[in-house]
Protein chains: 2
Amino acid sequence: MATLKYSRQREAIKEFLATRKDHPTADVVYQNIREIYPHISLGTVYRNLTLLSDLGEILRLRLSDGVDHFDADTSLHYHFICKDCGSVIDLELDSIDHINAAAGRNFPGQIDGNVTYFYGTCKDCLLSKPMETS
Amino acid sequence: MATLKYSRQREAIKEFLATRKDHPTADVVYQNIREIYPHISLGTVYRNLTLLSDLGEILRLRLSDGVDHFDADTSLHYHFICKDCGSVIDLELDSIDHINAAAGRNFPGQIDGNVTYFYGTCKDCLLSKPMETS
DNA sequence: TATAATAACAGTAATCGTTACTGATTACAA
DNA sequence: TTGTAATCAGTAACGATTACTGTTATTATA
C-alpha cells in the first residue's frame, strides 16, 4: 500500500533541485516552481521535499540558521556555510568518519555517524570587505 | 551604554543550567525556574538564554531536532544525540579541528571552524530494545 | 538616603518555518 | 471506463522564538 503515484509537481521539484548547487530552501524552491506551475501550493512543496528526502532521493540539510536547505546531491560530501552571507557551498573533502571511532572510545552507546559542517567567510565576502577595522 | 544590571532571574537560569548535564531546552529551563520564581515569563527565559550565550557564558546548541538546547559547559567538547530518545550526551574527544585544514584544501574562502555532533543509540535505548526484528 | 535613568521584568501578541486538515483533482489498475 | 486512493491547492493550525508594552527593580549619582 501507499503506492507512489507520479506527480508533475514532484518531478518539477526534483528537476529544479538538480539544476542548483546552492542548496535552496523550501521557499526558494516554491518561488521557482511557481514560474512553471503558478498554482502550486507551498504545502505541496514541503510535502514533496519531505517525501523525496525520506526516499533518499534528496538531502535535507538542517544547518544552524533555522531553515531547512535541500540538496539533490546525495553522495557523501560536506558543506561550508558563510557566516556573512549565509550561502551554502559544497566542499571537496574525503570522509571524516574515522572520528566516529575516537568519539566512541569512552562512550557506552553506539555511534552510527556524525553531522559536520564548516563555517567561515566565503570568497566573495572576503573580497567585498578585505580588511577588518578592529 | 547598555550596562548589564543584575537580575535574580538571570542568575537562577545560570545556576540551574550549571546543575544540569543534559542540555535542556528553553522550555525545560522555564518549567524548572518556575518552581523558584512562579511568575517568571518564558520571554525572560529566552531573553536571558540569548544574552548569556551572546556573552559566552553558556552555549546554545542547534541540533537537528528543531529546538535549541543550552549548555553551561563552554569548554571545548562534543555531543552525542540519541536518535531514539533524543537525549544529548557529552563526549570525551580531543579536538578534531585538524579537519579544517583538509576541508580548506581546495576551497577559496576562509574556514574558521566546524560544527560537529555524533548520533546513534544511547546505552539506555540499546538496553531497552536489545534486538532488531528486521 | 533620595532620586532619576534605564535595564529587566511579566504578560501577551506577533512572527516564521513547517505541518496538518479538507474537499477537489488526477494517476492508474482492474 | 470506472473505482480507489494518492496528490493536489488552499488554508488553518502548530510550536519555537522574538518583539512589544507598560510596570518594576537595579544602580549610579546627587
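Up top you'll find the structure we're talking about.
Summary of the structure given here.

1. Comments concerning the nonpolar core
At step 1: Formed by 26 residues in total, the largest nonpolar core has its most connected members in A:Phe80, A:Leu91, A:Phe118, B:Phe80, B:Leu91 and B:Phe118.
At step 2: Elements with a minimum of two residues in this core: strand S3 (78–82), helix H4 (98–103) and strand S5 (110–121) of chain A together with strand S3 (78–82), helix H4 (99–103) and strand S5 (110–121) of chain B.

2. Observations concerning the packing of aromatic side chains
In this description, an aromatic ring pair is defined by two values, namely the gap between the centres and the angle between the planes.
At step 1: Scanning the model with the defined rule gives two aromatic pairs over all chains in all.
At step 2: Ring geometry for A:Phe80 versus B:Phe107: centroids 4.4 Å apart, planes at 50 degrees, classification tilted. Within this pair, whereas A:Phe80 is found in strand S3, its partner B:Phe107 is found in the loop between H4 and S5, the two belonging to separate chains.
At step 3: On the basis of relative accessibility, which here comes to 0%, the residue A:Phe80 falls in the buried class.

3. Description of the side chain of A:Asn114
At step 1: Within the secondary structure, A:Asn114 sits in strand S5.
At step 2: Among the polar contacts made by the side chain of A:Asn114, one reaches the side chain of A:Asp97 at a distance of 3.2 Å.
At step 3: Of note is the side chain of A:Asn114, whose polar atom sits 2.9 Å from the side chain of A:Thr116.
At step 4: If sequence neighbours within four positions are ignored, A:Asn114 has contacts with A:Ile96, A:Asp97, A:Ile99, A:Asn100, B:Thr116, B:Tyr117, B:Phe118 and B:Tyr119.

4. Some points on the protein's contact with DNA strand D
At step 1: In the vicinity of DNA strand D lie 22 residues, with A:Ser7, A:Thr44, A:Arg47, B:Tyr46 and B:Asp68 positioned nearest.
At step 2: Taking all atoms of DNA strand D within 4 Å of the protein, the share assigned to sugar and phosphate is 80%.
At step 3: B:Tyr6 has a polar backbone atom sitting 3.0 Å from a phosphate oxygen of DNA strand D.
At step 4: At the level of secondary structure, the elements contributing two or more residues to the surface near DNA strand D comprise helix H1 (8–19) and helix H3 (42–55) of chain A together with helix H3 (42–55) of chain B.
At step 5: Split by residue class, the surface near DNA strand D holds seven nonpolar, nine polar and six charged.

5. What about the relation of the copies chain B and chain A?
At step 1: Least-squares fitting of chain B to chain A yields an RMSD of 0.0 Å, with the transformation described by 0.0 Å of translation along the axis and a rotation of 180 degrees. Each copy turns onto its partner about a two-fold axis. Every residue of chain B has its C-alpha some distance from the rotation axis, and the shortest such distance is that of B:Thr116, at 2.1 Å.
At step 2: A shared interface surface links the copies, since 100% of the contact residues of chain B are contact residues in chain A too.

Rules behind the numbers
- Residues numbered from 1 in each chain as written.
- Chains lettered and ligands numbered in written order.
- Predicted model: local features only at pLDDT ≥ 70, side-chain atom pairs only at ≥ 80, totals over all residues.
- Heavy atoms only, no water.
- Core = buried A, V, L, I, M, F, W, Y, C linked by side-chain atoms within 4.5 Å.
- Buried < 20%, exposed > 50% of the residue type's maximum accessible area, 1.4 Å probe, protein only.
- Helix = DSSP H or I, 4+ residues; strand = E, 2+ residues; numbered from the N terminus.
- Phe/Tyr/Trp six-rings, centres within 6.5 Å; stacked < 30°, edge-to-face > 60°.
- Polar contact = N/O pair within 3.5 Å; in protein donor to acceptor, adjacent residues only side chain to side chain.
- Contact = heavy atoms within 4.5 Å.
- Near = heavy atom within 4 Å.
- Nonpolar A, V, L, I, M, F, W, Y, C, P; charged D, E, K, R; others polar.
- Least-squares fit on C-alpha atoms with pLDDT ≥ 70 in both.

Distances and angles like these do not, on their own, reveal function.
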